[in-house]
Amino acid sequence: MANNIGAFFKSEPDRELAIKGVEQHIRNFWEPRMRTAIIEYVQKGGTELMDIVSEAVLHIAK
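A brief report on the enclosed structure follows.

1. Some thoughts on the packing of helix α1 (residues 2–9) against helix α2 (residues 15–29)
Moving on, step 1. Relative orientation of the contacting elements α1 and α2 amounts to 140°, with a least axis distance of 9 Å. As summarised for this structure, α1 and α2 are arranged oblique, according to the angle between their axes. You can see that α1 and α2 cross each other, and the crossing is right-handed. Between α1 and α2, the contacting residues are I5, G6 and F9 on the first element and A18, G21, V22 and H25 on the second.

Following this line, the structure appears as structure tokens:
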């Protein structure tokens, strides 16, 4: 699901805006357990996510 969100925002020419778009979508529409799970996945080195999704998740983790 996260990569589908990333694919939507990937068309944004400004990379930082794309990352912020993914981040905002996850913050607004994912319930806390889902956010916690994806943060843990990225922090443990998960490699199945698009780059902009991983970066967005790291922003959320801060």
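From this point on, the discussion continues.
2. A short note on the pattern of salt bridges
Moving on, step 1. Here the structure, examined in full by the defined rule, presents three salt bridges.
Moving on, step 2. E55 is the salt-bridge partner of R15, the closest N and O atoms lying 2.3 Å from each other. On the criterion of sequence distance, the pair formed by R15 in helix α2 and E55 in helix α4 (residues 51–61) is long-range, its members being 40 residues apart.
Moving on, step 3. The partly exposed category is assigned to R15, whose relative accessible area is 40%.

3. Notes on the environment of G21
Moving on, step 1. Residue position: G21 is located in helix α2.
Moving on, step 2. Between the C-alpha atom of G21 and that of K44, which follows or precedes it by 23 residues, the distance is 23 Å.

4. Let's talk about α4
Moving on, step 1. Of all the residues in α4, the buried ones are I52, V53, S54, A56, V57 and I60.
Moving on, step 2. In this structure, the buried residues of α4 make contact with α1, α2 and α3 (32–43).

Definitions and limits used
Residues numbered from 1 in each chain as written. Predicted model: local features only at pLDDT ≥ 70, side-chain atom pairs only at ≥ 80, totals over all residues. Heavy atoms only, no water. Axes fitted to C-alpha atoms, helices over the stretch in contact; angles between N-to-C directions. Helix = DSSP H or I, 4+ residues; strand = E, 2+ residues; numbered from the N terminus. Parallel < 35°, antiparallel > 145°, perpendicular 65-115°, else oblique. Left-handed = near helix turned anticlockwise from the far one by under 90°. Contact = heavy atoms within 4.5 Å. Salt bridge = Lys/Arg side-chain N within 4 Å of Asp/Glu carboxyl O. Buried < 20%, exposed > 50% of the residue type's maximum accessible area, 1.4 Å probe, protein only.

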